[in-house]
Amino acid sequence: MKLRNVGILTGGGDCPGLNAVIRAVTRAAIIEHGAKVIGIEGGFEGLIFRRTQELTVRSTRDILSLGGTILGTTNKGNPFEWREQNEDGSVTVHDLSFRAVETFRELQLDCLFVVGGEGTLEIGYKLQQKGIPVIGIPKTIDNDLDKTDYTFGFQTAVQVACDALDRLATTGRSHHRVMILEVMGRTAGWIALESGLAGGAHIILIPEIPYDIESVVNKISLRTTGGSPYSIIVVAEGAKAIGGDVIVQEAATNRLQGVPQLGGIGYHLANQIKNHIDLEVRCTVLGHIQRGGTPTAFDRVLGTRLGSHAVQAAAEGRFGTMVSLRTPDIVLVPLKELAGVVRHVPLDSQLIKCAESIGINMGREPENCR
Ligand code: F6P
């Protein structure tokens, strides 16, 4: 089909590689189809309140290596559950999806490219059901989206966390300390697991395996008696001790995002370890440093491939789908297969097996790796 006007928005938390997608969609739509490209600002908020800018080859020049998103984003603007904070702090929820549909029609768009994680793509799917032709493009540093090998942004986050672990190792080794790095990832342990493997962590704690503090302490003690009186731990923000709870900074009910803000397990773990052993323990929370800055080459290439393929899918009328990496190809997956699915690290993952086989403690005593 002939593409005349296409829209693109980025939703949810930002992530390195978003600008690579925006650039690729813009260039492919203009160069291959002569289409006009409308950038919708601030995620779905821009669709509700009609905040847009035209994207051109010129305006998307030099953004390939830029972190963040030139369109802006938010993880608060779900049009189906628009949350407004009242004076007493309570939150009222409205359905403003009709306004998003109105804006789409007023802009006379042929399709909407929705770049986002699980929450954003679910909204994309619901808009598709309301008659908007949507193509989803998966992103998240958490890598917790189903039906795709990797999401762009993840590899950059892993590299940042790996660099942090390398630095923590030199200071931890010098001072004979236990160094804890808390990383993001929500309820999935992908960032912790891959950065821990890349950064030579001695202990990796992920949400999928509630940790036994005795096993963790035992590993640190064994290292000390074995002549290495320092340990490097990477802990995912969503990790928890056996019988303990995930540590939440702010509950979902108080937040316009409608999801809890995780964080604090690193300090909690530091206190638990201090109660058991005599080494000094320090905690670093990497936070949004993982999300900012320049995307790695892998994430730039993946973002560019997804953006270009999304335009091709739109031209073929393949709406209601998401472009997805199934190495070595980019394929299309129905959006409805993704709704509400979070991809966790499977307990039988080869990555976990690999970590334990080389003596990394995963917060438990595996039978064959004592
Ligand atoms: O989903 C990406 C992510 O960075 C998570 O890893 C983290 O829990 C969350 O977003 C942080 O969100 P916010 O930017 O709202 O603090």
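Worth saying up front: this structure is predicted, and the values here are computed from it rather than measured. (Residues numbered from 1 in each chain as written. Predicted model: local features only at pLDDT ≥ 70, side-chain atom pairs only at ≥ 80, totals over all residues. Heavy atoms only, no water.)

The N-to-C vectors of helix H6 (residues 190–198) and helix H10 (residues 350–357) enclose an angle of 40°; their axes lie 11 Å apart at closest approach. By the criterion of interaxial angle, the relationship of H6 to H10 is oblique. In this structure, H6 meets H10 at a crossing whose hand is left-handed. Where H6 approaches H10, its residues Trp190, Leu193, Glu194 and Leu197 are matched on the opposing element by Leu351, Ile352, Cys354 and Ala355. Among the residues forming the contact of H6 with H10, the class breakdown is 7 nonpolar, no polar and 1 charged. (Axes fitted to C-alpha atoms, helices over the stretch in contact; angles between N-to-C directions. Helix = DSSP H or I, 4+ residues; strand = E, 2+ residues; numbered from the N terminus. Parallel < 35°, antiparallel > 145°, perpendicular 65-115°, else oblique. Left-handed = near helix turned anticlockwise from the far one by under 90°. Contact = heavy atoms within 4.5 Å. Nonpolar A, V, L, I, M, F, W, Y, C, P; charged D, E, K, R; others polar.)

This part is about unusual backbone geometry. Negative phi values dominate among residues other than glycine, just as trans dominates among peptide bonds. Of note, the bond from Thr327 into Pro328 is cis; its omega dihedral lies within 30 degrees of zero at 5°. Among the structural elements, Pro328 can be located in the loop between strand S14 (321–326) and strand S15 (329–334). Of note in the backbone geometry, Gln108 takes a positive phi value of approximately 55° without being a glycine. Note on placement: Gln108 falls in the loop between helix H3 (97–106) and strand S6 (111–116). For Gln108, a relative accessible area of 57% corresponds to the exposed category. Of note, the phi angle at Arg186 is positive, near 50°, even though the residue is not glycine. Topologically, Arg186 is positioned in the loop between strand S8 (177–183) and H6. (Buried < 20%, exposed > 50% of the residue type's maximum accessible area, 1.4 Å probe, protein only.)

This brings us to the pattern of salt bridges. Scanning the entire structure with this criterion turns up 14 salt bridges. The salt bridge partner of Asp149 is Arg326, with a shortest N-O separation of 3.0 Å. Here Arg326 lies in strand S14 and Asp149 lies in the loop between strand S7 (134–138) and helix H5 (154–175), a separation of 177 residues in the sequence. Several salt bridges converge on common partners, so that one network encompasses Glu118, Asp142, Asp144 and Arg186. (Salt bridge = Lys/Arg side-chain N within 4 Å of Asp/Glu carboxyl O.)

With that settled, the discussion passes to the pairing of strand S4 (residues 82–85). Pairing of S4 with strand S5 (residues 91–94), which is carried by 4 bridges, proceeds in the antiparallel orientation. Residue Trp82 lies in a different strand from S5, and its bridge partner there is His94. Counted between consecutive antiparallel strands, the loop separating S4 from S5 contains 5 residues, among which Gly89 sits at a positive phi close to 90°. (Pairing = 2+ DSSP bridges.)

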